[in-house]
Each structure stands twice: as C-alpha cells, then as structure tokens.
Amino acid sequence: MRPLVARLGVLALIAAVACQAAQAPGPSAGPGTSAVAVSASASPAPSPTVSYPVREGTCAMRVAESFTLANDLTCAGDGMVIVSDNVTVDLGGHTLTGPGMGPQTWPLPQLDTVGVRVGGHTGVTIRNGKTTAFSTGIYFIDMVSSSIESVTTLRNRFGFYIHASQKITVKDSDVEFNIYGLHLQSSDDCVLVNNLLARQTYNSPGGYGLYLYASSRNRITDNTIDSNINWGIWFSDAKENVIFHNNVVGNNPPVSDNTEGSNVWYDKQTKEGNWWADYKGKDADNDSIGDTPYPILGPGGMVDPYPFVAKDGWKTKRRSTIDHYEPAAARPPRGVTIVALVGGAVQSMRPGDTRASAMLAADSKNVRQIALGTDERTVYSSVDRVVVAQDVVTGETKTKQGVTVDGVVAANRDGHSVMVVGKTGAEQIDLTTGQAEYFDYHGSAESLAPSYKHNHVFVATENGIDLLYLNLGGRTPYTIPLDGEPAAMVMAGSGTRIYAAIAGRRLVDVVDTEQYAVVDRIATDVFPTSLAISPREDTLYVGSANGAEAVTIRDRSVVSSAAFLGSVVDLAVSPNGDQLYVALAGLSHAIAVLDAPHLRVAHVIELDNDPSRILVASY
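Residues numbered from 1 in each chain as written. Predicted model: local features only at pLDDT ≥ 70, side-chain atom pairs only at ≥ 80, totals over all residues. Heavy atoms only, no water.

Participant: Even after reading the chapter, I still don't get the overall build of the protein chain, so can you show me in this structure?
Facilitator: The secondary structure content of the protein chain amounts to two helices and 55 strands. Radius of gyration (C-alpha) of the protein chain: 26 Å, near the 25 Å computed for a compact globule of 619 residues. With the principal axes as the frame, the protein chain shows a C-alpha extent of 85 × 60 × 45 Å. Burial status across the protein chain gives 58% buried among its 619 residues. In the protein chain, the share of contacts with a sequence separation of at least 24, taken over all contacts with a separation of at least 6, comes to 46%. (Helix = DSSP H or I, 4+ residues; strand = E, 2+ residues; numbered from the N terminus. Rg over C-alpha atoms; globule rule 2.2 N^0.38 Å. Buried < 20%, exposed > 50% of the residue type's maximum accessible area, 1.4 Å probe, protein only. Contact = heavy atoms within 4.5 Å.)

Participant: Please explain the packing of aromatic side chains as it appears in this structure.
Facilitator: For any two aromatic rings, the description comes down to two numbers: the centre-to-centre distance and the angle of the planes. Summed over all chains, the structure comprises 14 aromatic pairs. Put simply, the rings of Tyr-139, Phe-158, Tyr-161, Tyr-180, Tyr-208 and Tyr-211 pair up and form one aromatic cluster. Across the ring face of Phe-67, the terminal group of Arg-55 is positioned such that the distance to the ring centre comes to 4.8 Å. A cation sits over an aromatic face here: Arg-155 above Phe-177, 4.8 Å from the ring centre. (Phe/Tyr/Trp six-rings, centres within 6.5 Å; stacked < 30°, edge-to-face > 60°. Lys NZ or Arg CZ within 6 Å of the ring centre and 35° of its normal.)

Participant: Hey, could you run me through the environment of His-442 in this one?
Facilitator: Counting through the fold element by element, His-442 comes out in the loop between strand E38 (436-439) and strand E39 (447-450). For His-442, a relative accessible area of 52% puts it in the exposed group. Each C-alpha atom, one on His-442 and one on Ser-216, is 41 Å from the other, the two residues being 226 residues apart in sequence. Not counting chain neighbours up to four residues away, the residues in contact with His-442 comprise Gly-422, Lys-423, Thr-424 and Gly-425. Looking at His-442, its side chain comes within polar contact range of the main-chain oxygen of Lys-423, at 3.0 Å. A polar contact is formed between the side chain of His-442 and the side chain of Asp-440, at a distance of 2.4 Å. (Polar contact = N/O pair within 3.5 Å; in protein donor to acceptor, adjacent residues only side chain to side chain.)

Participant: Honestly, the state of the cysteines in this entry has me stumped. Any pointers?
Facilitator: Disulfides are covalent bonds that connect the sulfur atoms of two cysteines. This structure, assessed with the given rule, holds one disulfide. In this model Cys-59 forms its disulfide with Cys-75; the gap between the sulfur atoms is 2.1 Å. Because the sign of the S-S torsion sets the handedness, a value of about -85 degrees for the bond joining Cys-59 and Cys-75 places this disulfide among the left-handed ones. Here Cys-59, found in the loop between strand E1 (54-55) and strand E2 (61-63), pairs with Cys-75, found in the loop between strand E4 (73-74) and strand E5 (80-82); they are 16 residues apart in sequence, far enough to count as distant. Accessibility expressed as a relative area gives 33% for Cys-59, which makes it partly exposed. Residue Cys-75 is classed as buried on the basis of its relative accessible area of 4%. (Disulfide = S-S within 2.5 Å.)

Participant: Would you mind showing me how to read the environment of Val-63 here?
Facilitator: Structurally, Val-63 can be placed in strand E2. Each C-alpha atom, one on Val-63 and one on Leu-540, is 49 Å from the other, the two residues being 477 residues apart in sequence. With sequence-adjacent residues up to four places away left out, Val-63 is seen in contact with Met-80, Val-81, Ile-82, Val-83, Ser-84, Val-87 and Val-89.

Participant: Quick question: what am I supposed to make of the sheet that holds E2 here?
Facilitator: Where strands meet in a sheet, backbone hydrogen bonds hold them as pairs that are either parallel or antiparallel. Taken in spatial order, the nine strands line up as E2-E5-E8-E10-E12-E15-E18-E21-E24 in an open sheet, and their pairing is parallel. The open sheet has two edge strands with one neighbour each: E2 and strand E24 (255-256). Bridge analysis of strand E15 (residues 180-185) against strand E18 (residues 208-213) gives five bridges, and the strand direction is parallel. The partner of Leu-182 across the bridge, within E18, is Leu-210. (Pairing = 2+ DSSP bridges.)

Participant: Help me out: how do you make sense of the side chain of Asp-509 in this one?
Facilitator: Relative to the assigned elements, Asp-509 resides in strand E45 (residues 507-512). Here Asp-483 takes part through its backbone nitrogen, which lies 2.9 Å from a polar atom of the side chain of Asp-509. For Asp-509, the residues in contact, after removing those within four places along its chain, are Leu-482, Asp-483, Ile-498, Tyr-499, Ala-500, Ile-502, Val-518, Asp-520 and Arg-521.

Participant: Hey, could you run me through the pairing of E38 in this one?
Facilitator: Sheet faces and side chains relate simply in a regular strand, where the side chains alternate between the two faces. In the sheet, strand E37 (residues 425-430) pairs with E38 via four bridges, with the strands oriented antiparallel. The residue of E38 that forms the bridge with Glu-427 is Tyr-438. Counting the residues that bridge the hairpin from E37 to E38 gives five residues, and of these Gly-434 lies at a positive phi of roughly 80 degrees.

Participant: Whenever I open this one, the side chain of His-94 confuses me. Can you help?
Facilitator: Note on placement: His-94 falls in the loop between strand E6 (88-90) and strand E7 (95-97). Among the polar contacts listed, one links the side chain of His-94 to the backbone oxygen of Ala-70, at a separation of 3.3 Å. Engagement of the side chain of His-94 in a polar contact is seen with the side chain of Asp-72, the distance being 3.0 Å. Leave out the neighbours within four places in its chain, and His-94 touches Leu-69, Ala-70, Asn-71, Asp-72, Asn-128, Gly-129 and Lys-130.

Participant: When you look at the environment of His-245 in this model, what are you seeing that I'm missing?
Facilitator: Assignment of secondary structure puts His-245 in the loop between strand E22 (242-244) and strand E23 (247-249). Along the primary structure His-245 and Gly-577 are separated by 332 residues, whereas in three dimensions their C-alpha atoms are 37 Å apart. With residues near it in sequence (within four places) discarded, His-245 still touches Thr-221, Asp-222, Asn-223, Glu-272, Gly-273, Asn-274, Phe-308 and Trp-314. A distance of 2.6 Å separates polar atoms of two side chains, one belonging to His-245 and the other to Glu-272.

Participant: So what exactly am I meant to see when it comes to unusual backbone geometry here?
Facilitator: Leaving glycine aside, a negative phi is the common case for residues, and trans is the common case for peptide bonds. Here Asn-252 and Pro-253 are connected by a cis peptide whose omega angle stands at 0 degrees. Omega for the peptide link from Ala-596 to Pro-597 comes to 5 degrees, which places this bond in the cis form. Its location among the elements puts Pro-597 in the loop between strand E53 (590-595) and strand E54 (601-606). Of note in this structure, Glu-537 is not a glycine but carries a positive phi near 60 degrees. Counting through the fold element by element, Glu-537 comes out in the loop between strand E47 (530-533) and strand E48 (539-543).

Participant: Explanation requested: the sheet that holds strand E31 (residues 367-372) in the structure shown.
Facilitator: Taken in spatial order, the four strands line up as E31-E32-E33-E34 in an open sheet, and their pairing is antiparallel. The open sheet has two free edges, formed respectively by E31 and strand E34 (397-402), since each of these has just one partner strand. The mean angle between the axes of side-by-side strands here comes to 20 degrees, regardless of whether they run parallel or antiparallel. (Axes fitted to C-alpha atoms, helices over the stretch in contact; angles between N-to-C directions.)

Participant: I keep staring at the confidence of the model for the protein chain and nothing clicks. Help me out?
Facilitator: Caution applies to low-pLDDT parts of the model: their predicted coordinates are not meant to be read in detail. A residue-level look at the protein chain finds 90% of positions with pLDDT of 70 or above and a mean pLDDT of 89. Taken as a whole, residues 1-44 scores under 50 in pLDDT and shows 88 contacts with residues more than four places along the chain or in a different chain. (pLDDT = per-residue confidence, 0-100.)

Have a look at this one:
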C-alpha cells in the first residue's frame with residue numbers, strides 16, 4: 001500500500017487534474033483502484049495481432065469501439081478521447097498532430113491538449129502510430145491493465161503521462177524531444193520494456209528520460225535511455241521497482257534514486273544489471289559484468305552491483321556472472337559533535353560534555369548565522385559579511401570569503417559552494433575558486449533548504465516557500481503557498497519532503513519538493529516553533545515554547561514528550577537517530593541531550609548564554 005503522505009498527495013493532485021480535464025473533452029478521473037503486485041521475473045505477454053475496422057478519424061472524437069485509424073489528424077485540441085473499456089486504437093501508422101505543447105503547468109500535468117486521452121478504464125490499447133506537438137502525447141489516469149505499444153511521441157511537453165494507474169505496459173515505443181519523456185505518477189505494477197527514451201529537452205524542470213514519482217513495483221527492462229538533457233532516470237519517492245538490462249548513455253546526469261535499499265538495479269536471478277556508458281570499472285574475468293559496482297547518484301546511496309561493460313551486453317553474454325559484489329557492511333555509529341550559536345559565538349561540544357568549552361571561529365564574536373556543509377563536518381559561519389568555513393573535528397579554518405549580502409547561510413549540495421540569502425539579494429560563493437555570483441532576490445528569508453536536484457534553493461519567507469533558481473539568474477518562478485507564515489522549516493534527509501511549522505497554529509505543512517505543493521498536514525497538540533526529522537524519516541520532532549514531542553509521520557501519534565524550564569529555540573537529531581538535542585534559552589541556557597524517540601533526558605550541557613541555533617556534525 002502506498003504511504004499515507006504519498007496517497008494524500010496523489011488525491012490532491014488528481015483533484016487538480018480533474019479540474020483541468022473537465023475543461024476539455026474526455027472522461028473525468030474515477031476512483032482509484034487497488035494495486036496488484038507483479039513478479040520481478042514476469043515478462044509482458046505479447047499482444048495478439050488482430051485487425052480492426054478502418055475508419056476516418058476526426059479531432060476530439062470519442063472512441064467507444066476498437067478501430068484502425070485511416071488518416072492523419074491535425075487538431076487544435078485533443079486528438080481523441082477513449083470512453084469505454086476493452087478498446088484497441090490502432091493508429092494505422094498515422095500521426096496525430098496538436099497545436100503545440102502549451103505553457104508550463106508543473107507540478108500539474110499539462111492537459112490543455114492531449115493526443116490520446118483516457119481515464120477510468122480497463123483493457124485499453126493504443127498502438128502503431130505517432131503523437132506530436134500536444135501538451136501531452138498520451139495520458140492515462142486511473143487506468144488498469146492497459147498498454148501503449150509501438151507509438152512514437154515527439155515534441156510534446158509530456159510524452160507519455162501514466163497517472164494513478166496499475167498494470168500498464170509501455171513497450172516498443174519511441175519517446176523523444178519532449179520536455180518530459182515517460183512519466184509515471186503514483187502508478188504501480190507497470191511494465192516498461194524495449195522503449196527508446198531519448199533527447200528530452202529542458203525547460204526547468206524537465207529534460208528527464210524516465211521519471212517515476214510515488215510509483216512502486218514497476219519492472220523496467222530493455223530500454224535505451226539516451227542523451228536526455230537532464231536526468232536519464234529520476235526516481236522520487238519510488239519504491240520496490242526493478243531495473244535491469246537497460247542502456248543508459250549520454251544523459252546529464254545519468255540517474256538518481258532517493259530511497260535507500262528500496263529499488264533493485266539488477267536481476268536477482270541472473271545477477272545482471274544495466275549498461276552505464278560512464279562506467280569506469282573493469283571486467284577482468286570476461287563475464288561481461290564489471291567487477292565493481294556502479295554508483296547510483298542521489299541520497300539513497302544505491303548501486304548497480306552487476307553493471308555490464310558493453311551496450312546490450314545481455315544479448316551477447318555467454319557465461320554466468322562471477323559474483324564479486326560484497327554489500328557494504330553496516331555502518332558503525334558515527335561520532336557526533338554538537339555545534340551551537342551561543343551569544344554571537346560558535347561553540348562545539350560532545351553529547352557527554354558538562355559545559356561547552358571548545359570555541360570555533362575564536363577571532364569572531366559577532367556570528368549571526370551558522371550552517372553545516374554537505375560533508376556534515378564543515379561549519380559555515382557568517383560574520384560581518386565574511387563566511388568562515390571550519391572543520392569541526394580538527395578546528396582548522398579552511399577558508400574565509402567576503403560576501404556582499406547579509407542574510408541566512410546554507411551549503412549548496414555540490415559540496416563546495418555556500419550561499420547567503422537576504423533582503424538585499426542572494427550570493428553563491430565557490431569556496432574552491434573564490435568565485436562569487438550575485439542574484440537579484442529580495443525576499444525576507446527565514447531559512448533555507450537547498451534542492452537535491454535542480455540548482456535552486458527553497459527559501460522560507462512570510463509569504464510561503466520561494467523557489468530561488470540559481471541557474472536561471474536568480475529567478476523565482478514559483479512560490480509554494482502555505483497555510484500561514486512559517487515559524488520553522490526542515491528538509492528530510494532524502495530531500496523529497498519539507499516540513500514547515502505554521503506560526504500561531506497547531507499545524508505543520510508537509511511540502512513535496514517535486515510537486516511544489518503542500519501534500520499533507522500534521523496537526524499538533526502545541527504551537528510548533530522548531531522542527532527536526534529522524535534519519536529514517538519516520539519521526540518528526542516538534543519543539544514548542546516549553547517542550548518537545550516525537551510524532552510518528554505515518555499515523556500522527558505522539559510517541560513521547562518532554563517539558564523544560566527554558567524555552568525550546570532549536571532542535572537537532574543525531575545521525576544515528578538515537579538522540580535528540582534541544583537548545584534551551586531563557587530560564588535555562590543549555591543543550592539538553594535526550595534519548596530518541598522516547599525523549600528521556602540523558603544529559604544537560606550548560607551554556608553561558610542563550611543559544612539560538614544548533615547543528616549536529618558527524619564523522
């Protein structure tokens with residue numbers, strides 16, 4: 001069953017899609033259907049060759065019976081709309097041409113014009129033809145046991161959009177030169193086989209060959225994913241999918257998977273994976289399989305353990321795989337250092353210390369902001385329009401870089417850049433080269449969350465969450481509306497969810513970073529002022545004026561709570577997930593160390609002044 005957050009997000013998106021679809025010919029989305037698992041070793045059954053009556057087609061025609069199209073169509077709206085179960089449309093080698101891809105509507109699908117639109121049906125097949133220059137080439141919503149076969153779709157905003165559907169087969173098709181190629185949205189148990197997903201173009205966001213969002217148990221084999229201008233394969237909140245015998249070449253970058261341990265990038269029976277054109281490993285034993293794993297990009301830290309060393313290597317492989325793969329050993333508990341901004345100074349301490357004694361940036365007493373680097377051990381301090389980078393473990397000052405902007409500091413995901421965002425603009429500094437880039441941005445930044453994918457940063461302001469695109473010259477093309485002014489914001493470790501505490505309300509908004517929308521809401525017993533998320537992304541820690549709560553994300557139950565004399569000003573979680581650190585100000589100047597998730601106070605670290613921010617460095 002799909003997680004509650006994802007299911008609620010799907011319902012919200014389907015509702016929005018239904019509003020769009022109601023303006024164009026075609027059926028509205030029906031109720032969802034339950035998913036049925038498909039074996040990873042199953043193969044799609046060949047479609048029987050059946051001839052259907054040939055008939056002339058007209059634009060926006062409503063199709064209730066199987067037929068073979070006798071002519072090309074050039075349409076100002078939809079090409080055709082299928083309105084019955086068990087219908088096969090054989091396009092007869094003809095082309096459906098639309099009026100153009102239409103304006104950007106992301107995160108909603110673009111449904112102004114659709115080549116073939118069908119929703120709420122079973123047993124539909126579309127085959128043997130072409131769709132081009134529509135908002136979406138073929139759109140399935142709420143479909144079951146249906147297929148797209150031998151269809152070419154070109155120069156649409158979306159090539160094929162499979163939405164809230166189950167057991168869909170897409171095979172022997174060409175998806176090229178679209179903004180988005182083959183897109184599965186909340187769709188499960190599908191088979192994608194022997195397709196060319198190539199040369200999708202970029203319109204930020206866009207340029208993906210294959211995109212799976214909140215989709216599970218899909219089988220992806222024998223596809224060529226070639227020269228897409230953005231990600232070749234992008235998975236977001238996609239789980240239990242099996243991907244092998246695919247050629248992945250010329251994409252920028254090749255692949256990203258955000259869910260650790262969930263998707264399988266090889267065939268478990270044959271121990272055969274995919275061919276990655278940028279694979280650098282060797283095949284010393286000549287079994288056609290590389291001797292070292294291919295790393296799958298993204299926070300999931302996945303690998304293809306059995307990558308092929310040649311394109312289509314599975315077609316010429318003559319011997320069994322010699323298994324060199326050794327799964328990584330369980331990671332030992334990581335060392336932890338708490339870093340706190342205390343009275344304008346940066347102090348570090350171990351969880352068992354009695355008092356904070358070590359001082360970072362000892363020559364700086366007026367620190368306004370601190371942030372943690374992507375290596376989780378470099379701390380960036382903003383002091384009088386200078387950003388200081390220091391190693392928490394050694395205390396070494398790595399760099400000092402002057403900036404023109406005074407504001408909130410964050411490390412970018414590239415591992416070597418830091419950004420400062422304030423009312424006078426935004427500035428990004430490459431700490432390896434010293435090169436700085438200024439962006440004309442004037443939002444009132446409260447906190448920052450750099451994106452895992454696009455070169456943009458989520459900026460919490462009083463008006464919502466701005467998408468500040470750095471690679472578009474600092475444009476802010478969209479603001480995610482919230483239920484009120486955010487009092488705190490935290491991004492989950494996988495980068496797919498942002499949690500925003502709403503000021504003056506017992507509410508936390510859950511924002512999806514792919515859909516750019518609030519997809520869920522968590523009601524709380526308190527007025528939240530600070531947030532933290534567990535490494536497993538299953539527990540949300542909520543700080544309020546005088547306490548903290550641990551709330552399960554799946555069922556919203558309060559696992560435990562703790563009360564304090566001081567006011568809770570910030571929270572942080574150990575990377576091991578076993579401790580919560582609570583910054584206290586007012587009646588107490590301290591960092592409370594609590595067992596997580598039970599929130600029993602294990603230790604208290606005394607401070608000389610009120611803390612305003614805490615980070616957790618690890619190594």
